[in-house]
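# Coordinate analysis (summary)
Residues per chain are reported as follows:
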Amino acid sequence: GDESCWQGGRWSYQRCCDPVALGRRGIAAYRTFLPRDTALLHFHACSMRCAVYVNRQPVGDHAGGYTPFWVGLEEVVRMPGQDLELLVLADNRFSPEWPVHQQYFDWYQAGGLLRPVEAHLLRRPLLYLRGVSVLPRRPVGTVTVELRFSQVCIGRGLRVALAFDGAAPGPARPVAMHSDEELWWETVPQPWLWSPASPKLHLLSVSLWDGSEEVDRLTVRFGLRFVETSGERILLNGEPLALKGVNRHETDPFGGAALPFEQLAHDMALLHELGANFVRGSHYSQDQRWLDLCDEHGILVWEETLGWQPSLADLQDRTFLVQQLTALDETLNASASHPSVIMWGFLNEADSESLGARPAHKALVDFAHERDPTRLVSWGSKRKMDDATLDLADVISFNDYPGWYDASVDEIPAVWQKYADWARQHYPSKPLLISEAGADGLAGFRSPQQRTMWSEDLQAAIVRASVLAAHVAGFAGIALWQFTDSRVDTAIFRADNPQASPLPNASDADWVERVAVEYEATASPYGAHLTLRPRGLNSKGLLSLDRRHRKQAFRAAKEAFQGACLPVLPGGPGWPEPARLVAAAGGASWGAVGAGPAQACTGCTLSVHIWNALDRSPDAPGIRAHGHEKEDRASLWSLKPSGLLRLAGHADGRQLALGAFLGAAPHWPAAESAAAAGGGTAQAVVEEAAGTLWAWEAVPDGFLLRVAYGPACGGYLSLRGEERDETSLYAVVQQDRSQATAWRALAA
């Protein structure tokens, strides 16, 4: 249709027609034939705008690429003996007519039929149920059943019969039918609660009767569970939740945004391997097949409507708000019966620092609460302490990336603590959630010791510290960004994009990755609203896009999600700040490997140096701690009330690793001598990223230090590691209490 495509030679043709990765934008046509008794079409997702024709007659028009919608065929003219021709036109171009989709979004917005399309054949094509939603109410076993009917049903004297869990249906009851929706309060005969540990589901079968004829039947699964807040806690069935999870885009390199069920099932298996109990569907309504899996596997879900960084102008635009409300209504209709869904969300990272943002947020909050009072409402705020809408939310959720875009890795706990303290001061009765945190890591790019920008190793350190920070600061949970790498719209980076800046002497892809890695840059030359995306990916995934590569961050998150195994006693052991940690009793011998104890390490101080070749490893971050006989080699330590044990100085004035945290490193490359001596379960290492909390336990000779959170949880800090030199031994973390070292804290 575009004549310029056929003028100007081969490049013009390729620009318009040649298939390329991620495709071109335009209109795609789908055509098939359906039985003439087809009464209803259910589109699970058609992006971005979808026009539906049956027998070339328009029957549906839908904007918004990720929400399910129904198309009734009541007005279709049916010819005897002929099938129905179905024609679907999917337009994935950006347009002011559907402002819910905007080009600057930080993921590729695919076009076409992304999810299944169902054709429903009915005996009476005009009379049908448009949908059924079941919500749990108190007392346990009470539910509300929302019945939605076709318009033709209104005023026809129809009846409805219900059957729970495969039992015989009860008597058909008349429907008032003053509108196309009704709400019934019902009792489940033998109720049981749904929970992540016991994800038991109920079934409800709804039959629609016209006289003596059953004209339609729908069966819906649901679960009985109760979500609420109590102060700073999110409760499920009265028990506090600790949400540990990820944000997840629906994408892979093979089907794009159209994932087969096998891929969904594989993602669920990976979530279980990770130890997650929570997933945030970002940033659009999720595939119903995925929510079915979450129901079955006990994974909790934040379900949100399409949106990413809407501007104040968007929030005040009537078309935008109407489409947001429509998307929320369609999402509620589709997902309300899923017990895994505990929270509704929308307007991710909106420009919400001004009062002008409040009407849009309030309209969506009020709509969600009115339609579904059984769930919580939140949105990811990038404005945080400047946000003018937080009082409207049930849960305060912050998106931030300390350690990556700003702040240093060692400051991550302090950044999240600052946000938590502020939120508790201003909104003391609301739970707090980290809805996004993380860092980019290019799959396969390693820098274990230096942890350079874009390396898997820096990403892992930031992930580990972020999960720990959520625990220390008392957040109700964290959703790491993100589950897998995701594609971005590389059209933004093309040289012919008018928003782009000139690139210096290199192709686009080469230049982006070279600048990212060599210059440790995250800022983009394509505008302040864009960040660098080497390889055309948002590389903050714990997994590669194809799921075949588990990054170092996957292991870091898995270990961090194991959480605390011990409480951290408030106040600490009362040592001076900073203090020298001196071994009071226990510790290893100075004898040769395999010899019996010759001299206890009593009086050794916990120290950190890099004078020995084994103090550092090219394959692991951080510096190994050790016990040293000489007082002038002592390091100084600060134990925070949270349980963070931090290097505060050195007796000889050195500045080495100041501010680093002491932790357990079970993956440190073990020395052969340590293995031969039956060394500790983990090395004691100081590193920039916080990953361990320590609890103290009083003993007659002083106190023991024990890992309360993190790898080697429950282990004791001990000087029974390998010999470092003639005056020092490496510190380890031992699970055997009899191997623990008792410590005293002395003034510096």
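Higher on the page you've got the structure.
Described in the following lines is the structure provided in the data block. This structure is a prediction, so every number in the text was calculated from the model and none was measured.

Criteria and cut-off values
One numbering rule holds for all chains: residues counted from 1, following each sequence as written. Only residues with pLDDT of at least 70 get local features here, since the model is predicted, and only at 80 or more are side-chain atom pairs given and counted; chain-wide, interface and lining totals rely on the full set of residues. Side-chain calculation: all heavy atoms of the structure are included, whereas hydrogens and water are not. Working definition: a disulfide is two cysteine sulfur atoms within 2.5 Å of each other. Working definition: helices are DSSP H or I runs of at least four residues, strands are E runs of at least two. Numbering for both runs from the N terminus. Only protein chains enter the accessibility calculation, which uses a 1.4 Å probe; a residue is then buried when its area is under 20% of its type maximum, exposed when over 50%, and partly exposed in between. Any residue with an atom within 4 Å of a point lines the site, the site being either a cavity, points on a 1 Å grid over the protein atoms alone where a 1.4 Å probe fits but cannot get out, or a pocket, an open set with protein on both sides within 12 Å along at least 5 of 7 lines. Grid points are joined across faces, edges and corners, and a volume is the space filled by probe spheres set on the points. Helix axes are fitted to C-alpha atoms over the stretch in contact, other axes to C-alpha atoms as well, and angles between N-to-C directions run from 0 to 180 degrees. Oblique is the label for any angle not under 35 degrees, not over 145, and not in the 65 to 115 range, which are roughly parallel, roughly antiparallel and roughly perpendicular in turn. Each crossing is labelled by how the near helix is turned from the far one, with a counterclockwise turn of less than a right angle marking it left-handed and a clockwise turn marking it right-handed. The contact criterion used throughout is that any non-hydrogen atoms of two residues lie within 4.5 Å. Nitrogen and oxygen atoms within 3.5 Å of one another constitute a polar contact, given that in protein one can donate a hydrogen and the other can accept it, and given that sequence-neighbouring residues count only through two side-chain atoms. Just to be clear on terms, a salt bridge is a Lys or Arg side-chain nitrogen sitting within 4 Å of an Asp or Glu carboxyl oxygen.

## Here we look at the state of the cysteines
In this structure the tally under the stated criterion is one disulfide. Note on cysteine connectivity: C565 is disulfide-linked to C713, with sulfurs 2.1 Å apart. Disulfide C565 to C713: torsion about the S-S bond roughly -100 degrees, handedness left-handed. With C565 in the loop between α10 (552-561) and β31 (579-585) and C713 in the loop between β39 (702-709) and β40 (716-718), the pair connects residues that are 148 residues apart, well separated along the chain. Accessibility expressed as a relative area gives 41% for C565, which makes it partly exposed.

## Here we look at empty space enclosed by the protein
Empty space among the atoms becomes visible once a probe the size of a water molecule is rolled across them. The final tally for this structure, using the stated rule, is five cavities of 30 Å³ or more. If you add up the space inside the largest cavity, you get close to 70 Å³. Estimates place the volume of the second largest cavity at around 40 Å³. As for the second largest cavity, its lining consists of R464, L468, A556, E559, A560, G691, Y709, G710 and P711. Mapped by element, the contributors of at least two residues to the lining of the second largest cavity are α8 (456-472) and α10.

## A word on the packing of α8 against α10
In the contact formed by α8 and α10, the axes pass within 8 Å of each other and the chain directions differ by 15 degrees. Considering the angle they form, α8 stands roughly parallel to α10. Judged by the twist between their axes, the crossing of α8 over α10 is right-handed. Of the residues in α10, those touching α8 at E456, D457, Q459, A460, V463, R464 and V467 are Q552, A553, A556, A557, A560 and F561.

## Considering the side chain of N92
Among the structural elements, N92 can be located in the loop between β7 (84-91) and β8 (112-113). Under the relative-accessibility criterion, N92 is labelled buried at 6%. Within the structure, the side chain of N92 is placed 2.7 Å from the backbone nitrogen of G26, a separation counted as a polar contact. With residues up to four places along the chain from it excluded, the contact list for N92 reads R24, R25, G26, S47, M48, Y108, A110 and G111.

## Description of unusual backbone geometry
Residue P139 follows R138 across a cis peptide bond; omega there is 0 degrees. With respect to the secondary-structure elements, P139 resides in the loop between β10 (129-137) and β11 (142-149). In this structure, A407 is a non-glycine residue whose phi angle is positive, near 65 degrees. As for its placement among the helices and strands, A407 is situated in the loop between β26 (396-399) and α7 (412-426). Using a relative accessible area of 36% as the deciding quantity, one classes A407 as partly exposed.

## Here's the deal with the pattern of salt bridges
The full count for this structure, using the stated rule, is 45 salt bridges. As a salt-bridge pair, D440 and K540 come within 2.6 Å of each other at their nearest N and O atoms. Taken as a pair, D440 in the loop between β27 (432-436) and α8 and K540 in the loop between β30 (537-538) and α10 lie far apart in primary sequence, 100 residues in all. Per residue, the accessibility class of D440 equals that of K540, and both read buried. For the salt bridge of R654 with D652, the shortest nitrogen-to-oxygen distance reads 2.7 Å. Through salt bridges that share partners, R115, R248, E250, D267 and R547 make up one connected network.

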